Amino acid sequence: MHIQKALKNAQAILKSACYVRESAGFGLDYPRITLESELLLCFVLQKERVFLHAHSEDALSPNELRRFFQLIWRRFHAEPIEYITKHVSFYGRDFFIQHGALIPRCESEILIQKTQELIIHHEITQIAEVGIGSGALSITLLLHNPQLRIFATDISKEALEVARENIQRFSLGRAILLFCGEFLEPLIQRNLPIPELIIANLPYIPNGTKLPSPLGYEPQTALFGGTRGIEAIEELLRVCKKHGVKFVVCEMGFDQKALIQEIVKPLGYKKLEFYKDLSNHDRGFVLCFE
C-alpha cells in the first residue's frame, strides 16, 4: 500500500472515531485528522511531513504499514498522540512525555509569563515547583533565567522519571533538584531553604467529574483534586504561608475563582491577582503574601 492510500484509510478510521466521541457527548476529539495521521506516519518512518507529500506514491513495507495502523488504532481509542509519539511541544521546545506524567498544555505558558515577571522584577534566584510532572515548566523557566536554582517535588515516581529525562536532554541536571514527596515536605525534611517563589499546576478537577476519553490515559492523581477540586491547592497555600513563601503562581479551574478567594482569606495576604487563558476563562492566580 502506498503512502497516500494508507493515509486516506487512516483518516477514515479516525473520522469514524470523531462521530463516536460526538455521540457520547464529548464533541469531536479529532479535529486535526489529516495532521495527526501524517504525524503518526512520520513517526513510523522517521521522516518530516514534507516527505509524505513528495513521496505520496511510495509503497510502505509490511512492517511500516503494520506499525502505522497499530498507532492509528491507539489514537482511535482516544490515546493522546503525545503519549503515542512520546513527544510534546511546549513554549516552542520539544519535550519527552510518556504515561505517568501529565501532558503540558498551552495554557501553562501563561503561568510561565507570570512567573517570569516576578523573577525579573524581584531578582529571584531560587524557586520551587510543586508537582513538577514532565518538567516542562521548570526547564522553560531555567532556559530563560540561567541564574535560577530550582527545587522540584512530585508525589509520582513515574512523573519524576519523565522530568529527569527532560532535564538530562537539556543538560540542566545541576540546576534542578528533584525530590519525591508532597508539597514542600522533602525540602523541610532536609532543612533546605524554602524559596520565596513557588509555582504549581496541581490537580483541581472535583472528584467524580466525567472527563473526555483522552484524559483517561493521563495520571488521575494529577487531575482530581478532591471533593471540591481545590483541596490540593488549599493545602499548598497553607504550607507556603506557614514557611514564609512570598509568591505563589498556580493554575486552577475556570470556575474556581470564588473558591480561591475564600480559602486565602484566613491566610492573610498582600495581593491576589487572577489571570485568564486564551479562551478568556480564569485559569490561574498570582498570590503575594508579603
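See the structure shown above.
The structure reproduced in this document is the subject of the present report. (Residues numbered from 1 in each chain as written. Predicted model: local features only at pLDDT ≥ 70, side-chain atom pairs only at ≥ 80, totals over all residues. Heavy atoms only, no water.)

## Observations regarding helix H10 (residues 231–242)
Each turn of an α-helix holds 3.6 residues, which means side chains three or four residues apart point in the same direction. Between its terminal C-alpha atoms H10 stretches 17 Å, which fits the 16 Å expected from twelve residues at 1.5 Å a residue. Three or more residues of H10 are buried, namely Ala232, Ile233, Leu236, Leu237, Val239 and Cys240. The buried residues of H10 occupy an angular sector of 165 degrees when projected down its axis, which confines them to one face. Contact partners of the buried residues in H10: strand E3 (126–130), strand E6 (197–200), strand E8 (224–226), strand E9 (247–251), helix H11 (257–264) and strand E11 (282–288). In the stretch just after H10, Gly244 is the one whose phi turns positive, near 75 degrees. (Helix = DSSP H or I, 4+ residues; strand = E, 2+ residues; numbered from the N terminus. Expected span 1.5 Å × (residues − 1). Buried < 20%, exposed > 50% of the residue type's maximum accessible area, 1.4 Å probe, protein only. Arc of directions from axis to C-beta. Contact = heavy atoms within 4.5 Å.)

## Remarks on the layout of surface pockets
There is about 180 Å³ of room inside the second largest pocket. In terms of lining residues, the second largest pocket is bounded by Lys114, Glu117, Leu118, His122, Phe247, Lys270, Lys271, Glu273, Val286, Cys288 and Glu290. Elements supplying a minimum of two residues to the lining of the second largest pocket: helix H6 (108–122), strand E10 (271–276) and E11. In terms of residue count, H6 provides more of the lining of the second largest pocket than any other element does, four residues in total. Taken together, the residues of the lining of the second largest pocket break down into four nonpolar, one polar and six charged. (1 Å grid on protein atoms, 1.4 Å probe; cavity = no way out; pocket = protein on both sides within 12 Å on 5 of 7 lines; lining within 4 Å. Points joined across faces, edges and corners; volume = space filled by probe spheres on them. Nonpolar A, V, L, I, M, F, W, Y, C, P; charged D, E, K, R; others polar.)

## Details of unusual backbone geometry
Phi is positive for Ser171, close to 55 degrees, though the residue is something other than glycine. Relative to the assigned elements, Ser171 resides in the loop between helix H8 (157–169) and strand E5 (176–180). Given the relative accessible area of 65%, Ser171 is considered exposed. Located in the positive-phi region is Asn280, a residue other than glycine, with phi close to 65 degrees. On the secondary structure map, Asn280 appears in the loop between E10 and E11. We classify Asn280 as exposed; its relative accessible area is 55%.

## Observations concerning H8
Between its first and last C-alpha, H8 extends 18 Å over 13 residues, near the 18 Å set by a 1.5 Å rise per residue. What H8 keeps buried is the set Ala159, Leu160, Val162, Ala163, Asn166 and Ile167. Angularly, the buried residues of H8 cover 160 degrees about the axis, an arc narrow enough to put them on a single face. Along H8, the residues that are exposed and aim more than 90 degrees away from the buried face are Lys157, Glu158 and Gln168. Lining the buried residues of H8 we find strand E2 (93–96), helix H7 (136–144), strand E4 (149–154) and E5. Ser171 sits one or two positions beyond H8 and adopts a positive phi of about 55 degrees.

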